[in-house]
Amino acid sequence: MDQPRKAAWKPPRDCEDYWSEFRHCKTLLNFFHHYYAYGTTPSCQQWKEDYSYCREWEKHGGKEAKEALQNSERNRVAQQRNFTPVWELRQEPPRDWHMPLNQENSQDS
Amino acid sequence: MDQTKQDEEYGYDLFPERNKGKQQEKTFGQKLFTFNHKCQVMLQFSIETSPYAKLLLSAMKSSGCEVFKKRHFSCEDCDGTVSGGFDATSSQIVLCQNNIHQQSHMNRVVTHELIHAFDHCRANVDWFNNFRHLACSEIRAANLSGDCSFSSEVSRLNFGLKQHQQECVRGRALRSILAVRKISREEAEKIVDEVFDSCFNDHEPFGRIPHGAKEAKFAYRDYVNRDRYSSSL
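Residues numbered from 1 in each chain as written. Chains lettered and ligands numbered in written order. Predicted model: local features only at pLDDT ≥ 70, side-chain atom pairs only at ≥ 80, totals over all residues. Heavy atoms only, no water.

Chemist: Quick question: what am I supposed to make of the nonpolar core here?
Modeler: In summary, soluble globular proteins display a tendency toward joint burial of nonpolar side chains. Met-60, Phe-73, Leu-95, Val-110, Leu-114, Ile-139 and Phe-206 of chain B are the most contacted members of the largest nonpolar core, which totals 67 residues. Here this core takes eight residues from helix 6 (residues 103-122) of chain B, the largest share from any one element. Those residues in contact with Val-110 of chain B that sit more than four places away from it in its chain are Leu-43, Ser-46, Ala-53, Phe-73 and Leu-95 of chain B. Listed in part, the 10 residues of the second largest apolar core include Cys-25, Cys-44, Cys-54 and Leu-69 of chain A. (Core = buried A, V, L, I, M, F, W, Y, C linked by side-chain atoms within 4.5 Å. Buried < 20%, exposed > 50% of the residue type's maximum accessible area, 1.4 Å probe, protein only. Helix = DSSP H or I, 4+ residues; strand = E, 2+ residues; numbered from the N terminus. Contact = heavy atoms within 4.5 Å.)

Chemist: I tried to follow the pattern of salt bridges on my own but got confused; where do I start?
Modeler: As a working rule, side chains carrying opposite charge can pair if their charged atoms are close by. Within this structure, the stated rule accounts for 23 salt bridges over all chains. Here Arg-221 of chain B and Asp-17 of chain A are joined by a salt bridge, their closest N and O atoms 3.1 Å apart. On the criterion of chain membership, the pair formed by Arg-221 of chain B in helix 11 (residues 213-224) and Asp-17 of chain A in helix 1 (residues 15-25) is interchain, its members lying in two chains. By relative accessible area, which is 22% here, Arg-221 of chain B ends up partly exposed. Residue Arg-108 of chain B is joined to Asp-147 of chain B by a salt bridge in which the shortest nitrogen-to-oxygen separation is 2.8 Å. Residue Arg-108 of chain B is found in helix 6, and its partner Asp-147 of chain B is found in the loop between helix 7 (131-144) and helix 8 (150-155); the two are separated by 39 residues along the sequence. The exposure class assigned to Asp-147 of chain B is buried, which follows from its relative accessible area of 5%. One network of salt bridges, with partners in common, ties together Arg-13, Asp-17, Glu-21, Asp-50, Glu-73 and Arg-76 of chain A together with Arg-208, Arg-221 and Asp-222 of chain B. (Salt bridge = Lys/Arg side-chain N within 4 Å of Asp/Glu carboxyl O.)

Chemist: Can you help me understand the state of the cysteines in this one?
Modeler: Cysteine pairs can be linked by a disulfide, which is a covalent bond between their two sulfur atoms. All names here are of chain B. Enumeration over the complete set of coordinates arrives at seven disulfides over all chains. Between the sulfur atoms of Cys-65 and its disulfide mate Cys-121 the distance is 2.1 Å. Classification of the bridge connecting Cys-65 and Cys-121 rests on its S-S torsion, roughly 95°, and on that basis the disulfide is right-handed. Separated by 56 residues along the polypeptide, Cys-65 in the loop between helix 4 (51-62) and helix 5 (69-72) and Cys-121 in helix 6 bring together distant segments of the chain. Comparing Cys-65 with Cys-121, the two get one shared label, buried. Between the sulfur atoms of Cys-78 and its disulfide mate Cys-96 the distance is 2.1 Å. Measuring handedness by torsion sign, the sulfur bridge of Cys-78 and Cys-96 sits at about -90° and is left-handed. Of the two residues, Cys-78 sits in the loop between strand 1 (73-76) and strand 2 (84-87) while Cys-96 sits in strand 3 (residues 92-96), which places them 18 residues apart along the sequence. Classification of Cys-96 by relative accessible area gives buried; the value is 0%. Counting its disulfide-bonded cysteines in sequence order, chain B shows a connectivity of 1-3, 2-6, 4-5, 7-10, 8-9. (Disulfide = S-S within 2.5 Å.)

Chemist: What exactly am I supposed to notice about the pairing of strand 3 of chain B here?
Modeler: Look at any regular strand and the pattern is simple: side chains alternate between the two faces of the sheet. All names here are of chain B. Burial runs high along strand 3: five of the five residues are buried. In strand 3, alternate side chains face the same way, and those of Gln-92, Val-94 and Cys-96 on one face and Ile-93 and Leu-95 on the other are all buried. Relative to strand 3, strand 1 runs parallel, the two being bridged by four bridges. Considered in strand 3, the bridge of Cys-75 is made with Leu-95. In this sheet, strand 3 lies alongside strand 2 in antiparallel orientation, the contact comprising four bridges. Across the sheet, the residue bridging to Gly-84 is Leu-95, located in strand 3. With antiparallel pairing between neighbouring strands as the criterion, strand 2 and strand 3 make up a hairpin whose turn holds four residues, including Ser-91 at a positive phi of roughly 55°. (Pairing = 2+ DSSP bridges.)

Limitation: the analysis is restricted to geometry and does not speak to function.
Right under this line is the structure:
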C-alpha cells in the first residue's frame, strides 16, 4: 500500500475571508455594534495583517508568513476561550434526546 | 410533590398544553387557518433561511443532537406574553403560536431556544436545581440571539448606547429566570452577577457575538470551515 501523503498546509481561512472580515470590521455599522456591546472601539488592523500574510504565503510559501498567521489565529482562539465555564461539558449527548415523546411523558404524580 | 405545585416551581404553568398528554387531532380547517399553521410555516422559514438557526442546527447535529422539526419543536398556546421555552424533560422547544406573529420575532425565538438546546446537548446543565446554570444559558441566549440588538431594544423603548448590550442581557436574563423560578429579585440579580462575565464571553458555537445576518453568515462560514481551521493550527 502507498504511504499516505501528508496533506499540504493551507491557511486557516481563505485569503478573501480575511479581507472580507477586515472590510466588515472597518464599517461604521460594526464600529457602532462594537461600541454598543463592549463600550470600546474595534481594532481591525490584525485582519489586514493576516490578509497580507495569507497572500504572502500564497505567492512564496514562506515559513514566517505561515507562523505569523498561525500565531494570530491561536491568539484569536485564546481570546474566545478566556473565561471559566460555569458548567461541565458532556462526554456524550443526552441519552433521551432522540427518545420518542410518549416514552418521555411519564407524568406520575 | 403535588403536580400543580411542581408546575409552578419550574414555570410549566406558562405552557398549559405541555401536560395534555396525547396531542389532540386537528381538523383540516384547524390545521390551515390557525395560529398553529402560521407558527409551523414561520418555523420552517426560520430553519431554512436564518443563518443563526442554520449554524445552531449544524452545531447540534455535530454534537450528537440532530434536531427534527416534528420531534423537537412544538407550536402551542402559552400564557401571558412568553414567546417560547425549552423543555429539557421532553427535549422540546416550545414556540408560543399565540404570541409570535412576525417572522423576525420567530427567527429570534428559534435562535434563543436553540441556544438553550445546544447548551443542554453539550454540557451537563442542571436546569431545575442549579440557578447559575439557568442564568448562564439565559445570558448566552439573550446575548447571541439578537434579543439585545440595538433595534430590538429601541422597539422596546430602551434607549442606550455605550455597553448597553450588557445591560440588556442582564435585564433579560433576570426576567427569564424570574418568570420560571420562584426566587426573589435580589437573589436572581446576585446569581446573574456571579456568572455574567463567564457567560457573556462564551460565544459558542458562533465564535463571536453576531450583530445581524451578515455576521451570523460569517460565523456560519467559520463553522463550516472549522476542521480546516483547527488542523492548520
